[in-house]
Amino acid sequence: MLLKVYNSLTRKKEVFVPLNPPYVGIYVCGPTVSGESHLGHTRPYITFDVLFRYLTYLGYKVRYVRNITDAGHFEEEGREAEDKISTKATLEKLEPMELVQKYTNLFHWAMSQLNNLAPSIEPTATGHIVEQIEMIKKIIADGYAYESNGSVYFDVEKYNTDYSAKNQPYGILSGRVLEDQVESTRALDNQAEKHNKSDFALWKNAPPEHIMRWQSPWGEGFPGWHIECSAMSSKYLGDEFDIHGGGMDLQFPHHECEIAQSTVCNHKMPARFWMHNNMITINGKKMGKSYNNVIKLTELFSGNHPLLTQAYAPSTVRFFILQSQYRSQLDFGNEGLQASEKGLRRMMEAFEWLMAQNNIGSSEPTDDSLNEKVVKLVAEFDEFMNDDINTAKVIANIFELVPIINSIKDKHIAVHALSTDTVALLKKQLQHYIIDILGLQGSKSNHNNKLEGVLQLLINIRKEAKGRKDFVTSDKIRNELLALGVQLKDEKDGEISYTID
RNA sequence: GGUCCUGUGGCCGAGUGGCUAGGCAGAGCUCUGCAAAAGCUUCCACAGCGGUUCGAAUCCGCUCGGGACCUCCA
């Protein structure tokens, strides 16, 4: 069974074949750490985390490179006014690296909360100024860039003319035609420096007040926004690599520019597969500063935001995102998140119960059709993932297995209904998919022994109270624990289990 | 205005032309001291209008609605 992914470049699903198996190189555009990560950042990093995990599961040796954009035109909100007041004290002045460090730390914290694996390499733009300058020099030498007032611009017109002849016009990825673009481009600063409006900056001259600046052959400045990804992807993955990913909003112009720069430099289309995740919307609108609807991750996890009726756990957010296919728009809302919260809990509880059992299944199963059904549902996990990473369908199948598991637990289905082989397969694949690939975490992962001991004590007291029909006491224990966020559940076998919010 | 995507039941979402994904919510039932949990059953769909087809949520056209991008904004 072959993995197919949708390639934005060809606009169709294609069989994924690595350039140099068993190695796979993935580059994903990382965050700009001039501000706090928000809900919109979760989608690409969860999407490509799952891709990374799935490729690993398939046996590939994956190098996952995700950059940190820490160079550019940075200003911290609220800091500017303050700086003007106390310019004398060095410590009170805005130190660029301080800003960048702060938000990098926050980003890493959020990624680990969401259970995203760390990338194999996480290069920073500031750590690759030299590589970027070298690349720009090369592009100038090849005649595809020019200097203007201490800035360097890429000559899109020339590139388009020359490379259209090679069937790789500017706009090949996003389906744009350069001639159509020029007309509709609106006025921007420094347009006079450019030969054509469609040209983009490789290097920007830094105005005096700019906080980040490096020495270059063209004077003090900072790299253009697109060049870092070209420089770092080719450095760590080669001139041609397997997959380049990112949000749909980056397709144009960012990825288009990357293609142009890298192709001029390395004479190759940098990536063979371009994958783009769709956006998260809030009430149908893309999240963004201009819409005034940004929910920061700290706000999302704490519930401290006017649009939120409650806090949402990182695992809930991850699950919510994985319940849709990555190329679909996903509309965010309290109802949807609450549905995910409950669904995830039900799924995890069934899974955790199953994994703790050792005596389910029989060498002589009594229900062949159920056996077949389970085997089929499990086999489809791979099928769905191979069809452009359809996590939504995988999760739907898991939910079809949940009632089967719970029915075995509640003895509505006999323990020997399924074969031992089927049960073993089910356990193995659920473990692979829920934990290893989807990266979902159990609700009880933050247990500690002392708390468990205390709860067990209360559970025993409640059992005794129930035994002598002292329902006042048993209800008091149940209700007060519930108020604290601990829910007791009377199981069919007389045992009492619990979940903690 | 240009390019592209999209419109599925109360909400979120899958959907390869024929066999009503799934989750949450609602209703009923079973279990239960009561509840919760769990299980079973069930209600509610394919924006509108045409067309192709034996048959369309799925293909085509039109209308209406929504979204993304349009070069420094990450």
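Residues numbered from 1 in each chain as written. Chains lettered and ligands numbered in written order. Predicted model: local features only at pLDDT ≥ 70, side-chain atom pairs only at ≥ 80, totals over all residues.

## Examining the packing of helix 7 (residues 227–237) against helix 8 (residues 251–266)
The relative placement of two packed helices is expressed as an angle between their axes plus a distance between the axes.
Phase 1 of the analysis: Running from N to C, helix 7 and helix 8 point in directions that differ by 50°, and their axes come no closer than 9 Å. Classified by the angle their axes make, helix 7 and helix 8 are oblique. Handedness of the crossing formed by helix 7 with helix 8: right-handed. When helix 7 is examined against helix 8, the residues Ile227, Cys229, Ser230 and Ser234 are found in contact with a partner set consisting of Glu258, Gln261, Ser262 and Asn266.
Phase 2 of the analysis: When the residues that make up the contact of helix 7 with helix 8 are grouped by side-chain class, the tally is two nonpolar, five polar and one charged. (Axes fitted to C-alpha atoms, helices over the stretch in contact; angles between N-to-C directions. Helix = DSSP H or I, 4+ residues; strand = E, 2+ residues; numbered from the N terminus. Parallel < 35°, antiparallel > 145°, perpendicular 65-115°, else oblique. Left-handed = near helix turned anticlockwise from the far one by under 90°. Contact = placed C-beta atoms within 7 Å. Nonpolar A, V, L, I, M, F, W, Y, C, P; charged D, E, K, R; others polar.)

## Observations concerning the nonpolar core
Phase 1 of the analysis: Ile26, Ile136, Ile139, Phe154 and Leu202 are the most contacted members of the largest nonpolar core, which has 107 residues in total.
Phase 2 of the analysis: The element best represented in this core is helix 1 (residues 39–57), accounting for nine residues.
Phase 3 of the analysis: Summarising the domain contributions, this core has at least three residues from each of domain 1 (19–277) and domain 2 (285–437).
Phase 4 of the analysis: Contact partners of Ile136, with chain neighbours within four places excluded, come to Ala145, Val152, Leu202, Trp203 and Ile227. (Core = buried A, V, L, I, M, F, W, Y, C linked by C-beta atoms within 7 Å. Buried ≥ 20, exposed ≤ 12 C-beta atoms within 10 Å, placed from the backbone. Domains from an automatic or database assignment.)

## Brief notes about the protein's contact with RNA strand B
Phase 1 of the analysis: Taken together, 65 residues form the shell around RNA strand B, and within it Thr32, Ala201, Lys286, Ser328 and Gly343 come nearest.
Phase 2 of the analysis: The element that contributes the greatest number of residues to the surface near RNA strand B is helix 13 (residues 391–409), accounting for nine residues. (Near = placed C-beta within 6 Å.)

## Remarks on helix 1
Phase 1 of the analysis: The terminal C-alpha atoms of helix 1 lie 27 Å apart, and with 19 residues this matches the ideal 27 Å at 1.5 Å per residue to within 8%.
Phase 2 of the analysis: Downstream of helix 1 by one or two residues, Gly59 has phi in the positive range, about 105°. (Expected span 1.5 Å × (residues − 1).)

## Regarding the sheet that holds strand 6 (residues 151–154)
Phase 1 of the analysis: Reading across from one edge, 5-6-7-8 is the order of the four strands in this open sheet, with antiparallel pairing throughout. If you trace the sheet from one side to the other, it starts and ends with strand 5 (145–148) and strand 8 (221–223), each paired once. Across the sheet, the mean angle separating the axes of adjacent strands is 20° when strand polarity is ignored. (Pairing = 2+ DSSP bridges.)

## Observations regarding the sheet that holds strand 12 (residues 285–286)
Phase 1 of the analysis: Ordered in space as 12-11-13, the three strands form an open sheet in which the pairing is mixed. Whereas interior strands pair on both sides, the edge strands pair on one side only; in this sheet they are strand 12 and strand 13 (330–332).
Phase 2 of the analysis: Alignment of strand 11 (residues 280–282) against strand 12, held across two bridges, turns out to be antiparallel. Across the sheet, residue Ile282 finds its bridge partner in strand 12, namely Lys285.

## Remarks on the domain arrangement of chain A
When the parts of a complex come together, some accessible area is lost, and that lost area is often used as the size of the interface.
Phase 1 of the analysis: The domain boundaries assigned to chain A delineate domain 1 (19–277), domain 2 (285–437) and domain 3 (449–500).
Phase 2 of the analysis: Using C-alpha coordinates to define each centre, domain 1 is positioned 35 Å away from domain 2.
Phase 3 of the analysis: Contacts between the two partners involve 19 residues from domain 1 and, on the opposite side, 23 residues from domain 2.
Phase 4 of the analysis: Among the secondary structure elements, those contributing two or more residues to the side of domain 1 that touches domain 2 are helix 1 and helix 3 (96–113).
Phase 5 of the analysis: Residue contributions to the side of domain 1 that touches domain 2 peak at 11 residues, all from helix 1.
Phase 6 of the analysis: Looking at the side of domain 1 that touches domain 2 residue by residue, the class counts come to eight nonpolar, eight polar and three charged.

## Comments concerning the environment of Val454
Phase 1 of the analysis: Here Val454 lies in helix 15 (residues 449–467).
Phase 2 of the analysis: Val454 sits 10 residues away from Glu464 along the chain, and the two C-alpha atoms are 16 Å apart.

## Considering the pairing of strand 9 (residues 241–247)
Phase 1 of the analysis: With seven of its seven residues buried, strand 9 lies for the most part within the structure.
Phase 2 of the analysis: By the bridge criterion, six bridges tie strand 9 to strand 10 (residues 271–277) in an arrangement that is parallel. Within the sheet, the bridge partner assigned to Phe241 lies in strand 10 and is Ala271.

## Brief notes about helix 4 (residues 129–141)
Phase 1 of the analysis: The terminal C-alpha atoms of helix 4, which comprises 13 residues, lie 18 Å apart, in line with the 18 Å expected from a rise of 1.5 Å per residue.
Phase 2 of the analysis: The complete set of buried residues in helix 4 reads Gln132, Ile133, Met135, Ile136 and Ile139. Considered in projection along helix 4, the buried side chains sweep an arc of 160° and stay on one side of the axis. The outward face of helix 4, more than 90 degrees from its buried face, is lined by the exposed residues Val130 and Ala141. (Arc of directions from axis to C-beta.)

## With respect to the packing of helix 4 against helix 7
Phase 1 of the analysis: Between helix 4 and helix 7, the least distance of the axes is 9 Å, while the angle of their chain directions is 100°. Relative to helix 7, helix 4 is oriented roughly perpendicular. Contacts between helix 4 and helix 7 involve Glu131, Gln132, Met135 and Ile136 from the former and Ile227, Glu228, Ser230, Ala231 and Lys235 from the latter.
Phase 2 of the analysis: In the contact of helix 4 with helix 7, the residues fall into four nonpolar, two polar and three charged.

## Description of the environment of Glu491
Phase 1 of the analysis: Residue position: Glu491 is located in the loop between strand 14 (486–490) and strand 15 (496–500).
Phase 2 of the analysis: For the pair formed by Glu491 and Lys409, sequence separation is 82 residues and the distance between their alpha carbons is 9.2 Å.

## A short note on the pairing of strand 4 (residues 61–66)
Phase 1 of the analysis: Pairing of strand 3 (residues 23–28) with strand 4 involves six bridges; the strand directions are parallel. Note that in strand 4 the partner of Val28 across the bridge is Arg66.

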